Amino acid sequence: MKIIGTGSALPEQVVTNEELTKFLDTSDEWIVSHTGIQERRILKEGTVAGLAIEAAQRAMEAAGVAAEDIDLILCSNVVSDFVTPALGCFIAGGIGYGGQTLDVNGACTGFIKALDIADSYFAAGKAKRILVVAAEKPTYLADWTDRATCVLFGDGAGAVVLERTKESGCLATHLATQFNADFLNMPTPPTNCPFTQNKGREGYMYMNGQEVYRFAVSSCVKDLTLVAKKAGLALSEIDWFLLHQANQRILNAAQMRLKQPGEKFPGNIGRLGNTSSACIPILLDEMTRDGRLKEGQIVAFSAFGAGLTHGAAILRI
Amino acid sequence: MTFEKVAQIIADYKDIDVSTITPDSTFEELSIDSLDTVELIMAFEDTFGGEIEMDPEPKSVKDIVALIDAQA
């Protein structure tokens, strides 16, 4: 498979660290030094579906394909505007598509899970072109009284159109689950069903930052080393490392352990915060449009998130 | 023995003189924040082996030395 078009969409509303200090006991200096984040985008009036459709349309335009050229929509999303229908259906409606849609709730690892599924569809001969969209609003789940977590997140969407090729550009993937629901979770909203005692609970996203940091750095380094080995590549032969943008310090720690130059680790966390599974496709789109990403280059992706899920992939562009 | 190794790892990580670190030094005094603590724990795990628990979170050099010695 090969990426033939990329797109992204962001909410218009920019929220700076300064604005957060108005209701949280924090400072711009603390947020920047602990996370690398200066500002983030948060949906004000728009919807996740709106962002997802906009990103999808941009990717399709860049690829020069219409809805009838697509054989599958793969959507990575944790929370959208509805519990059901799934976000993939809204994207189908938005672009005028009537085929199969498949939604993946893989938390921050969702985009890499989607790439892996797409590669399998191509290998099985079940699709010629696949639209992958990752659209997220983690700001909806965050607890805005918890200064340690709410400052981290931003909303956004990224998309790619993938095409089957004779020789797949997907050189290796690796996906794994290390089950732990204590370090990072979001409870199901409460029910008023009188016949159950399991009523769910009011609440927001919970994250144990230190444990997630430890998991993120170690899984990222292990996964990237593993996929490079699977692809028969030395880490030095990889042109770019596109890592899930969870925290600049996680990126720095992984980069140091992989012993690769910092220039190979592009980022958008400073401007956008952690946009969950949308981080990587947004970054892909930015790098494609500004010319950093060139045909023939080798890109490694790595992501980690709730589950705990983690994974990596290597693609030839 | 553990203390000397721990102090050296902290000194290298924070780029400070090892002689300024005592068993009673707190992480706050050494400007070690919560994420530095995790980084250091990962470095200690690499050096001493095993998995070091972070709950309750260690707050001083002494706490870390005790955690590592408990592992051994």
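Parameters and conventions
Residues numbered from 1 in each chain as written. Chains lettered and ligands numbered in written order. Predicted model: local features only at pLDDT ≥ 70, side-chain atom pairs only at ≥ 80, totals over all residues. Helix = DSSP H or I, 4+ residues; strand = E, 2+ residues; numbered from the N terminus. Rg over C-alpha atoms; globule rule 2.2 N^0.38 Å. Buried ≥ 20, exposed ≤ 12 C-beta atoms within 10 Å, placed from the backbone. Contact = placed C-beta atoms within 7 Å. pLDDT = per-residue confidence, 0-100. Core = buried A, V, L, I, M, F, W, Y, C linked by C-beta atoms within 7 Å. Domains from an automatic or database assignment. Nonpolar A, V, L, I, M, F, W, Y, C, P; charged D, E, K, R; others polar. Pairing = 2+ DSSP bridges. Arc of directions from axis to C-beta. Expected span 1.5 Å × (residues − 1). Axes fitted to C-alpha atoms, helices over the stretch in contact; angles between N-to-C directions.

**Details of the overall build of chain A**
Regarding its fold elements, chain A presents nine helices and 13 strands. Taken against the 2.2 N^0.38 rule, which gives 20 Å for 317 residues, the C-alpha radius of gyration of chain A at 19 Å falls within 12% of a compact globule. Along the first, second and third principal axes, the C-alpha atoms of chain A reach 55 × 50 × 35 Å. Taking all 317 residues of chain A together, the buried fraction comes to 51%. Residue pairs at least 24 apart in sequence account for 78% of intrachain contacts in chain A once pairs closer than 6 positions are excluded.

**Thoughts on the confidence of the model for chain B**
The predicted coordinates should not be examined in detail at positions where pLDDT is low. All names here are of chain B. Chain-level pLDDT for chain B is 90 on average; 99% of the residues reach the 70-or-more range. The least confident element of chain B is helix H3 (residues 61-71), whose mean pLDDT is 89; the most confident is helix H1 (residues 2-14), at 93. Scored as a complex, the prediction yields pTM 0.93 and ipTM 0.82.

**Brief notes about the nonpolar core**
Residues and elements named next belong to chain A. Counting residues in hydrophobic clusters, the biggest one holds 118 residues, and the most contacted among them are Ala52, Ala118, Leu131, Val132 and Val133. The leading source of residues in this core is helix H3 (residues 48-63), at ten residues. For this core, the domains that each give at least three residues are domain 1 (2-163) and domain 2 (170-316). Leaving out residues up to four positions away in the same chain, Val133 has contacts with Ala52, Ala55, Ala56, Ile73, Cys75, Ile91, Ala157 and Ala159.

**Quick look at the interface of chain B and chain A**
Listed per partner, the contact involves eight residues of chain B and nine residues of chain A. For the side of chain B that touches chain A, the per-class residue count stands at four nonpolar, two polar and two charged.

**Overview of the pairing of strand S5 (residues 101-104) of chain A**
With four bridges connecting them, strand S4 (residues 72-76) of chain A and S5 of chain A associate as parallel partners. Looking at the pairing, Cys75 of chain A lines up with Asp103 of chain A of S5 of chain A.

**What about H3 of chain B?**
Residue and element names in this part refer to chain B. All of the buried residues in H3 are Val61, Ile64, Val65, Leu67 and Ile68. The buried residues of H3 occupy an angular sector of 160 degrees when the element is viewed end-on, so they sit on one face. Looking at H3, the residues exposed on the side facing more than 90 degrees away from the buried face are Asp69 and Ala70. Packing partners of the buried residues in H3 comprise H1 and helix H2 (34-48).

**Focus: unusual backbone geometry**
In this chain, Thr84 of chain A is followed by Pro85 of chain A through a cis amide linkage whose omega measures 5 degrees. Within the secondary structure layout, Pro85 of chain A lies in the loop between S4 and helix H4 (87-95). Positive phi is not limited to glycine here, since Lys259 of chain A has a value of about 55 degrees. Position of Lys259 of chain A among the secondary structure elements: in the loop between helix H7 (248-258) and helix H8 (269-272). Its identity is not glycine, yet Ser31 of chain B carries a phi of approximately 55 degrees, on the positive side.

**Considerations on H2 of chain B**
Taking 1.5 Å per residue, 15 residues should reach 21 Å; H2 of chain B reaches 21 Å between its end C-alpha atoms and fits that length. Those residues of H2 of chain B that sit buried are Leu35, Val38, Leu40, Ile41 and Phe44 of chain B. Against helix H2 (28-35), helix H6 (209-230) and H7 of chain A together with H1 and H3 of chain B lie the buried residues of H2 of chain B. Phi for Gly49 of chain B, located one or two positions after H2 of chain B, is positive at around 80 degrees.

**Digging into the sheet that holds strand S11 (residues 240-243) of chain A**
Residue and element names in this part refer to chain A. One open sheet accounts for four strands, arranged S8-S13-S12-S11; its pairing is mixed. The open sheet terminates on both sides in strands that have one partner only, identified here as strand S8 (170-180) and S11. When the angles between neighbouring strand axes are averaged without regard to direction, this sheet yields 10 degrees. Sheet topology note: the S8/strand S13 (residues 307-316) ladder contains eight bridges and is antiparallel. Along S13, the bridge assignment pairs Asn180 with Gly307.

**Side note on the domain arrangement of chain A**
Size of an interface: often given as the accessible area lost when the parts come together. Residue and element names in this part refer to chain A. We note that the domain assignment places domain 1 (2-163) and domain 2 (170-316) within chain A. The centre of domain 1, based on its C-alpha atoms, is set 14 Å off from the matching centre of domain 2. Taken together, the contacts link 41 residues of domain 1 with 40 residues of domain 2. Taken together, the elements giving at least two residues each to the side of domain 1 that touches domain 2 come down to strand S1 (2-9), strand S3 (39-41), helix H5 (110-123), strand S6 (129-136) and strand S7 (156-163). Element by element, the count of residues in the side of domain 1 that touches domain 2 is highest for H5, at seven residues. Class assignment for the residues of the side of domain 1 that touches domain 2 results in 18 nonpolar, 14 polar and nine charged.

**With respect to the pairing of strand S12 (residues 298-305) of chain A**
Residue and element names in this part refer to chain A. In terms of burial, S12 is largely enclosed, as seven of its eight residues are buried. Relative to S12, S11 is paired through four bridges, and the arrangement is parallel. Bridged to Phe241 within S12 is Ala300. With eight bridges connecting them, S12 and S13 associate as antiparallel partners. Residue pairing for S13: Gly305 is matched across the bridge by Thr309. The antiparallel pairing of S12 with S13 creates a hairpin that spans one residue between the two strands.

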